[in-house]
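Architecture and fold: a report
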Amino acid sequence: MAEHLDIFRHEVRDWLEANCPPEMRTPMRSEKDICWGGRKFEFSSDAQKQWLEVMASRGWTVPDWPKEYGGGGLSPAETKVLMQEMAALGCRSPLQSFGISMLGPALLEYGTQDQKLEHLPKIARGQIRWCQGYSEPNAGSDLASLSTSAEDKGDHFLVNGQKVWTSYADQADWIFCLVRTDTSQKQGGISFLLFDMESTGVSTKPILLISGSSPFCETFFDDVKVPKDQVLGEINQGWTVAKYLLGHEREMISGMGGRAQGPSLPEYARGKLGRDEQGRLDDPVLRARIAMYEVRSAAFAAMSERFIDRLKARKIHPAQPSMMKYYGTELNKDRHELLMAAGGSDALEWDSEASGSGKAARAWLRTKANSIEGGTSEIQLNIIAKRILELPEG
Amino acid sequence: MPLFLDDDQETLADTVRPFMASEAPISHLRALRDADDPVGFSRDLWRQFGEMGFTGVLVDEADGGLGMGHVEAGIVLEEIGRNLTPSPFMGTAVGAVEALRGADAALKEAWLPGIVSGETVAALALDEAARHRPQSVGLKAERQGNGFRLSGAKQFVAFGHVADLLIVSARTAGDVADEDGVTLFAIPRSRAGVSVEAARLADSSFAARVELDGVELDGSAVIGEVDGGRAILARVLAGVRAGASSEMVGIAEGASAMTLDYIKQRKQFGRVIGSYQALQHRAAHLYCEMEVARAATLKAQQSLDADSPDADRDASVAKAMAGMAGSLAVREAVQMHGGIGMTDEYDVGFFMKRQRVLAEMFGDADFHADRLARMERY
């Protein structure tokens, strides 16, 4: 087993050396360097396109999905080796999408064979970009109170209502969407629909956030026709699918604490602050705060590794993603508070060239949503208290 | 290697857990304390540790031990923590064994059999001041003929008052704070010139102040190379830091299990208090901190067992994180118990006392955060 993995590791390393363009081995500089795929996506470079294509051809955009659905068919141990080797070479992620991190796992679990064959390969190859229609103006933390309706019209549903906080709705090709198919029950009246954003009656409107521009949109549905075979899971069983998927979303958001982009906090602080004779940051209190943060960050990196290892070995409590989400997002907020402190007044500039159009300040403000989106920190703590600690309902 | 216990390690945990819970639960600690026991642990229990193989967990099979690793030592220590079992396990079975790994055959032969059988107790004599500064070594070992003459003082030597063997860091060259010029010695406590003064600590365990007054030793007492003790010392410290982290993870588990039981039963205003969100969110937050500490601790032990160059760093991360999570666990435990948590009659206070001692031992969270910052050059 170990020998097989060693051989695999060498193969992976050689293949990555030969196939990963040099431009794709540098740290991402901005949002634009992320490859999201989809019908509307414009590659920022030829190298980005080439990297997606070669990785997709091996199924390594989704290494642990089955080969028949466009994946690499790798075992958990092999997947870990691939990730380690990519990290060692500094390879960028060839493709990042809600299709990979959220819908894909739900399709694998609940999709019909036809649905899997229709949607998964397009996700794996970056051909179709998905967005998520969950929250509504009156259904935030209490998501199951959602009211967007899907009326049964025989061979199709007629969808009417509004979603909010739909990330990249204006860039996405398809949406996976929670709708109400039965008003007599709360959780038990929700269905999980998949449909094309180009369908007649779908419109989107961007939302401006405190950080300035943002990926979020309001999404409106006005008599949108959705064929009946585009329900994922059973009709009125959408809440089960949604909870499964939320677990994956929480994993993704929680990852932000562990593998933040850009320079490390100490590196950034070294660049901004002077140092004393012994090489220590010359602001001892800030240095101490950074050092304590770094302990938690390193420990959380171990937690993330353990979480993924246990997830793959199916040794995880179903509510553990809530822990990852809570801890990871709170940590990320702390990190940006410290980055702002280290940056001082430089970090406050909003649109100057020197500040990269206010990169630090905008990123800091954006992180405040981390502990709101995908279920607030308070909701995660409720879930942990009830489902893991088994504390009684109030 | 996946970051969770493998099947063999789970099996070991399944053996250790019921053993510790039945042979040395918290009532055992209370009985020793109430009897004002001058040793501070049970020699019978220590021999049982030997019979179970625990004391030899890190000893090579060729030397009569189980030939296991720090992950397995951590499994034993977690149960020691959960049950607040008084024992010289950390100094002996982790610290001294790790030190003797770097010693010649004669030293191993002299000490390992007694450790494996649960007869011998060893203690680490490294600290010279109230705060952990293992890199500053002022205790002098001067050359004298074929051997050495040692003079100086150590403190916070856990169970040093009854230890058969003291592992002592001494300065053989250079100044107090120099990187090199440190040598590790294996010194029988019975040696002429060694004096120990026992100090009972807040948790009812004992630590000794050790004084060496012209202790004469020949070269056979040197562990590893003269002036070359730093590497062995680093490995000893990484091992006991990871080990102390496991014990604190166990303490946090024990304290929070007791607390969760309590808040699920205790009623005020007509409701069990565990149904109040004010307590639920704190309990859930604590759970997260404990899980993160557990992951960091296991990571450090796996790194040590794999001889990873990151082991030293990982051990500091673990010690700092487990120190913080453990501290939160015991503070929340006492607070959530309310008045009864402050009484001596109730056990939860013992967790707080033991955790405080372990948080300090081998460097607290501040020490390790600073150490990591220095490693990262900021």
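A quick note: this is a predicted structure, and the numbers were derived from the prediction, not measured.

Further remarks concern the packing of aromatic side chains. The description of two aromatic rings rests on the distance between their centres and on the angle between their planes. Scanning the model with the defined rule gives 21 aromatic pairs over all chains in all. Measuring from centroid to centroid gives 5.6 Å for A:Tyr110 and A:Tyr244, while their planes differ by 85 degrees, and the two rings are edge-to-face. Of this pair, A:Tyr110 sits in helix α4 (residues 98-110) while A:Tyr244 sits in helix α6 (residues 238-258), placing them 134 residues apart in sequence. The class for A:Tyr110 is partly exposed, based on a relative accessible area of 28%. For A:Tyr244, a relative accessible area of 27% corresponds to the partly exposed category. When the centroid spacing of 5.3 Å and the interplanar angle of 85 degrees are considered together, the rings of B:Phe19 and B:Phe54 count as edge-to-face.

Residue and element names in this part refer to chain B. Domain boundaries in chain B define domain 1 (7-120), domain 2 (124-226) and domain 3 (230-375). Counting residues at the interface gives 21 residues for domain 2, matched by 16 residues for domain 3. Together domain 2 and domain 3 conceal approximately 1,700 Å² of surface at their shared face, both sides included; 67% is due to carbon and sulfur atoms. In terms of surface lost to domain 3, no three residues of domain 2 exceed His132, Phe156 and Asp203, which account for 32% of the buried area on that side. Our count for the domain 2 to domain 3 interface comes out at three salt bridges. Among the ionic pairs, arginine 131 bridges to glutamate 360, the shortest N-O distance being 3.0 Å. When contributions to the side of domain 2 that touches domain 3 are tallied by element, the ones reaching two or more residues are β3 (147-158) and β5 (182-188). Of the residues that constitute the side of domain 2 that touches domain 3, the class distribution is 11 nonpolar, four polar and six charged.

On the chain A side, the residues contacting the 42 residues of chain B number 43 residues. The contact between chain B and chain A buries some 3,600 Å² in all, and 65% of this surface belongs to carbon and sulfur atoms. Together, B:Phe4, B:Tyr287 and B:Tyr378 form the three largest contributors to the area buried by chain B at its contact with chain A, with a combined 21%. Where chain B touches chain A, the interface holds three salt bridges. With its nearest N and O atoms 2.8 Å apart, the salt bridge here joins B:Asp370 to A:Arg287.

All names here are of chain B. A rise of 1.5 Å per residue sets the reference length of helix α4 (residues 70-83), with its 14 residues, at 20 Å; its end C-alpha atoms lie 20 Å apart and thus fit the reference within 8%. For α4, the tally of buried residues reaches 13 of 14 residues, placing the bulk of the element in the interior. Looking one or two places after α4, you find leucine 84, whose phi comes out positive at around 55 degrees.

Our next topic: the nonpolar core. Grouped burial of nonpolar side chains is what soluble globular proteins tend to show. One finds B:Phe49, B:Phe89, B:Leu150, B:Phe185, B:Ile187, B:Leu212 and B:Ile223 to be the most contacted residues of the largest nonpolar core, which totals 158 residues. When residues in this core are grouped by element, the largest group, 15 residues, is from helix α7 (residues 229-265) of chain B. Apart from the residues within four sequence positions on either side, B:Phe185 is in contact with B:Ala141, B:Phe148, B:Leu150, B:Leu166, B:Ile167, B:Val168, B:Ala170, B:Thr172, B:Leu217, B:Ala221, B:Val222 and B:Ile223. Core analysis: the next-biggest nonpolar cluster, separate from the first, contains 39 residues, A:Leu52, A:Ile123, A:Tyr168 and A:Leu246 among them.

Residue position: A:Asp309 is located in helix α8 (residues 284-312). Under the relative-accessibility criterion, A:Asp309 is labelled buried at 9%. Sequence spacing of A:Asp309 and A:Tyr69 is 240 residues, and the spatial spacing of their C-alpha atoms is 23 Å. In contact with A:Asp309, other than residues within four places in its own chain, are A:Lys80, B:Met1, B:Pro2, B:Leu3 and B:Phe4.

All names here are of chain B. Here strand β2 (residues 140-144) runs beside β3; their pairing, made up of five bridges, is antiparallel. For alanine 141, the partnering residue across the bridge sits in β3 and is leucine 150. Where β2 folds back onto β3 in an antiparallel hairpin, the turn is made up of two residues, including glycine 145, whose phi is positive at roughly 60 degrees.

Below, the discussion takes up the packing of α4(B) against α7(B). All names here are of chain B. Relative to each other, α4 and α7 sit at 40 degrees, their axes nearing to 7 Å. Classified by the interaxial angle, the pair formed by α4 and α7 is oblique. Crossing hand, α4 versus α7: right-handed. The residues of α7 that touch α4, namely those facing His70, Gly74, Leu77, Glu78, Ile80, Gly81 and Arg82, are Arg235, Gly239, Gly243, Ser246, Glu247, Val249, Gly250, Ile251, Glu253 and Gly254. Residue composition of the contact of α4 with α7, grouped by class: four nonpolar, eight polar and five charged.

Procedures and definitions
Residues numbered from 1 in each chain as written. Chains lettered and ligands numbered in written order. Predicted model: local features only at pLDDT ≥ 70, side-chain atom pairs only at ≥ 80, totals over all residues. Heavy atoms only, no water. Phe/Tyr/Trp six-rings, centres within 6.5 Å; stacked < 30°, edge-to-face > 60°. Helix = DSSP H or I, 4+ residues; strand = E, 2+ residues; numbered from the N terminus. Buried < 20%, exposed > 50% of the residue type's maximum accessible area, 1.4 Å probe, protein only. Domains from an automatic or database assignment. Contact = heavy atoms within 4.5 Å. Buried area = accessible area lost by both parts, 1.4 Å probe. Salt bridge = Lys/Arg side-chain N within 4 Å of Asp/Glu carboxyl O. Nonpolar A, V, L, I, M, F, W, Y, C, P; charged D, E, K, R; others polar. Expected span 1.5 Å × (residues − 1). Core = buried A, V, L, I, M, F, W, Y, C linked by side-chain atoms within 4.5 Å. Pairing = 2+ DSSP bridges. Axes fitted to C-alpha atoms, helices over the stretch in contact; angles between N-to-C directions. Parallel < 35°, antiparallel > 145°, perpendicular 65-115°, else oblique. Left-handed = near helix turned anticlockwise from the far one by under 90°.

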